[in-house]
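Examining the three-dimensional arrangement
If you want the building blocks of each chain, they are given just below.
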Amino acid sequence: MRICVHRRPEIRPTTYRILYAVLFFLAVTGCSRQSGTGILEVRIKDHEEAIGYFSKVNIAVETVRLSPKVGFRFWHLGWLKLNPTLDQLDLTQFVNNSGVTVFKGEIDSGNFEAVDLKIRNVQGILRQGSKEVAIDNKVKPVALSFSVNPGELTTIVIDLSLMDMSDHPPATYELQLAGYEVYNNGKLVDKVPPG
Amino acid sequence: MFAIEATASAIGYCILALLLGSLMTAGFLLPQGEPDEFRQQLFSFARKLLPLFVIASIISLVIQGTKLSGGAFPSMDLLFRYLLNTQSGKIWVAREIYAFFLLGGMFWYGRRQHNLTGVRAFLLFSLPLVASRSLTSHAVAVRDHTALAVSADALHLLATAVWAGGLPVLFWILYRGTRRLHLAPSWSAATVNRFSWVALVAVVVLVATGFYQSWVQVQRLDILFATPYGQILTAKVLIFLCMAMIGALNLFSTKPKLLDSARTERLPNWLQRKTLRRIASEAIIGLGVFCVTAILTLLPPGIHSLHQANASAGNQLQAYPERLNIFTWLGYLVTPAPKLQPADGAKITIFSPKEGQVFDSDEIPMRYEFVKGKRGNHLHAYIDGKLMGMFSDPSGGTLTGIQPGRHVLELRVTTDDHVTELDAKDRVDFVVQ
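Residues numbered from 1 in each chain as written. Chains lettered and ligands numbered in written order. Predicted model: local features only at pLDDT ≥ 70, side-chain atom pairs only at ≥ 80, totals over all residues.

What chain A contains, in helices and strands, is one helix and 12 strands. Put simply, chain A runs from its N terminus to its C terminus through helices and strands in the order α-β-β-β-β-β-β-β-β-β-β-β-β. Sequence separation of 24 or more characterises 71% of the internal contacts of chain A that already satisfy a separation of 6 or more. (Helix = DSSP H or I, 4+ residues; strand = E, 2+ residues; numbered from the N terminus. Contact = placed C-beta atoms within 7 Å.)

Now the structure itself:
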C-alpha cells in the first residue's frame, strides 16, 4: 500500500515579518502624499555677467517641468509639465532684481526633487553694432528639493547667467543656470549658491 | 568658423615648420653644406615662406576679428583695438614685426652670399618666431609655474617643427640628390644619418614636454577620454606613435642599409625607392600631427572641464536627468552631490547661540571656535540662507538687524577669494522675540 503524504508548504515567521514590513512601508509611502493644492510661482532673473554686452536677450520659454519626489514608487517617475504663463521675455530687463514670473498657478501639493526650465530659443542683440547673435542654451535640469504645501505659496527664482565664452572657440555666448532661490510664503528657505 | 580657423592655424604651423626644416637642412644636414645648389635653393625657399607666414597670420587675424564681431567682417577699428588692447593681439604685432625684420635680413643676405655660418645664424634667428607661438597658447593660462609651462610648449613646438618640418625637406633633397644629381651613396647616407640624430633628440624632447603638457592640461584619465580636448589629444598621441614607428623603421632599417651602400659605393634603385617611400610616409603623418595640433590649440583644455565641475560643486548645483526613466534616475541617485571644497584642517564650532535659544533684541552675539586650517580665511554668516556678515575674529562677533521669528544661523569657513567655501560649517536654530 502506498501512502501519499501531502505536505503543506509552511511559510517561515521571518518571511512573514519581511512581508509585513514591505506592506507597511508601501502603505506609509502610499499614504504619505499630502492632499490639496498649493500655489507655485517660477520666476527668472539674470545674474549679471556678460549681459552688459547686449541690448536685448530674448528668451522663448517652452515649458517648466517639475520632477515629483517618488521615493520607492519609481513607477510614478516622470516630469510634470507646466505651461508657462509668460513664454517670451527680455532678460536684460531682469538683471539683479526680483525677476519675472514665467509660471504661476495651482498645482497638487507634494514634494519635488528637480526643476527643468525648458527654453526653446535664445537670441541676443549686441549693443555694439546692434547685431543679432545666437546664444547657446546650456540650461539643463537641476536637482532642487522643495515642497508645495496645501494653501501655501512656493516661489522658485531661477538665476540665469549669460557667459562670454569667446575665448574658448567655437563657443561664443552661453546661457547657463547660475543658481536658484526657494521661498515659502515669501520666506527664503533655500539658496544656491549661498550669499 | 572653427574649421576655417583650424585650417589657418594648421597652415601657419606647417609654414613655420618648413621654415625651420629648410634652414636646419641647409645649415646642418647637408654634408659640409654641399652641394651649394641645394643650400641656395633651401635658403631661397625659406625666404619665400616668410611672406606666406605673414599672409596666414593676417587671415588668422581676420578670423579672430570676425569672431569678435559676431560673424561679420571685422572693422579696422575693432582689429586695431584687438591688436593694441589684448595680449594675443600685442604678440601678433610683435611676431609680424619680427617676421618682417627676418625677411629683410634674409633678402639682404641672400643677394650677397649663402655660406654655412649665415644659414645657421638665420636658423637661430627663426627659432623665436616659432617658439613665440607659445605665448598665445594654452600654456600661458596655466596658473602655477607659467614660465615652465610656456617653455615646455615652446620646446615642444620647436621639436615638432624640426622633426616634422625637416622630413619633407629631407625627402626633397634625397629625391633631387639621388634621382637628378646622382650624388654618391655616401652623401645620402651621411644626410640621413645626421637627420636621424636630429629626429632622435626631437622625439626625446617631444615625449618629455608632451607628457608634462598633457599632465598640466588634462590631469585625469577620465578627462582624457571624456572631453573633446582629451579625445583629440589621444588621436594626436596615436598619430605620433605611428610616426615614431616609421621613424624607428628608418633608424634601425633604412639608415644601416644606406650606410652599407655607402661602404660599397652602390645605392640600388630599390633602396632609393624604399628610403623615399618611408620618409614620405613619415612626412605625411607629420602633416597629420600639425592638423591635430591646430585643432588642439582651438579647443579649451581638458582641465577646464574639471574647473567647471569644481565651479558647479562650488555653487552646489547638481545635474538631473533630462530624460527621466528608472535607469537615468538610478544614475542620478548614485551620483554624489557636488561637495564643498575640502576643509584642509579648517573647522568652525558654534557655542552661542545655543540650539533653540531665545533672544529679546535684534542683536545676536555669537561665540564660536574658528580654526582656519590651510586655506580658510574668514567666516560667512548666513541667516536663513542669506549672507548677513563676514567675520575674521577667531572667537566671536555680533549679528545685528535680525527680525523676530525662528531663524537658522549657519557659519561657513571661506577662503580669501570670498567665493570658495570650504567643507567646514556649523549651524544652529534660534528665535528672536
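More follows now that the structure is in view.
So, about the overall build of chain B. For chain B, the count of helices and strands is 12 helices and eight strands. Buried positions account for 34% of the 433 residues belonging to chain B. In chain B, 74% of the contacts between residues at least 6 apart in sequence involve partners at least 24 apart. (Buried ≥ 20, exposed ≤ 12 C-beta atoms within 10 Å, placed from the backbone.)

Any two packed helices are characterised by how steeply their axes cross, that is the angle between the axes, and by the distance between the axes. All names here are of chain B. At a minimum axis separation of 10 Å, helix 4 (residues 87-110) and helix 5 (residues 116-131) run at an interaxial angle of 170°. Comparing the axis directions of helix 4 and helix 5 gives the class roughly antiparallel. In this structure, helix 4 contributes Arg95, Tyr98, Ala99, Leu102, Met106 and Tyr109 to the contact, and helix 5 contributes Gly118, Phe122, Phe125, Ser126, Pro128 and Leu129. Grouping the amino acids of the contact of helix 4 with helix 5 by side-chain chemistry returns nine nonpolar, two polar and one charged. (Axes fitted to C-alpha atoms, helices over the stretch in contact; angles between N-to-C directions. Parallel < 35°, antiparallel > 145°, perpendicular 65-115°, else oblique. Nonpolar A, V, L, I, M, F, W, Y, C, P; charged D, E, K, R; others polar.)

What follows concerns helix 4 of chain B. Residues and elements named next belong to chain B. In this model, helix 4 (24 residues) spans 34 Å end to end at C-alpha, consistent with the 34 Å of a helix rising 1.5 Å per residue. For helix 4, every residue scored as buried is listed here: Trp92, Arg95, Leu102 and Met106. Here the buried face of helix 4 lies against helix 2 (36-68), helix 3 (76-85) and helix 5. (Expected span 1.5 Å × (residues − 1).)

What follows covers the sheet that holds strand 6 (residues 396-399) of chain B. Residues and elements named next belong to chain B. Sheet architecture is open: three strands sit in the order 1-3-6, paired in antiparallel fashion. One side of each edge strand has no neighbouring strand; the edge strands of this open sheet are strand 1 (347-352) and strand 6. When the angles between neighbouring strand axes are averaged without regard to direction, this sheet yields 35°. Sheet topology places strand 1 next to strand 3 (residues 364-371); five bridges connect them, and they run antiparallel. Across the sheet, residue isoleucine 350 finds its bridge partner in strand 3, namely tyrosine 368. (Pairing = 2+ DSSP bridges.)

In this section: the environment of Phe100(B). Locating Phe100(B) in the fold gives a position in helix 4. Its 13 C-beta neighbours within 10 Å are what place Phe100(B) among the partly exposed residues.

For chain A, per-residue confidence averages 80 on the pLDDT scale, and residues scoring 70 or more make up 78% of the total. Confidence scores differ between elements of chain A, with helix 1 (residues 13-31) of chain A showing the lowest mean pLDDT of 64 and strand 3 (residues 80-82) of chain A the highest of 93. (pLDDT = per-residue confidence, 0-100.)

Okay, the environment of Asp164(A) next. Among the structural elements, Asp164(A) can be located in strand 10 (residues 153-164). Taking the C-alpha atoms as reference points, Asp164(A) and Ile51(A), separated by 113 residues in sequence, lie 8.7 Å from one another.

This part covers the nonpolar core. Membership of the largest hydrophobic core comes to 66 residues, with the highest contact counts inside it found for Leu16(B), Ala17(B), Leu20(B), Leu23(B) and Ala161(B). Elements supplying a minimum of two residues to this core: helix 1 (2-29), helix 2, helix 4, helix 5, helix 6 (146-180), helix 7 (185-217), helix 9 (228-264) and helix 10 (269-298) of chain B. Here the element with the most residues in this core is helix 1 of chain B; it accounts for 15 residues. Each residue touching Leu16(B), except ones within four places of it in the same chain, is listed here: Phe53(B), Leu129(B), Val130(B) and Ala161(B). Grouped together as the second largest cluster of nonpolar side chains are 36 residues, Val42(A), Ile44(A), Phe146(A) and Tyr173(A) included. (Core = buried A, V, L, I, M, F, W, Y, C linked by C-beta atoms within 7 Å.)

Cis peptide bonds are those with omega within 30 degrees of zero, and the linkage from Ser352(B) to Pro353(B) qualifies with 0°. For Pro353(B), the location among the structural elements is in the loop between strand 1 and strand 2 (357-359). Of note in the backbone geometry, Asn185(A) takes a positive phi value of approximately 50° without being a glycine. Within the element layout of this structure, Asn185(A) appears in the loop between strand 11 (173-184) and strand 12 (187-192).

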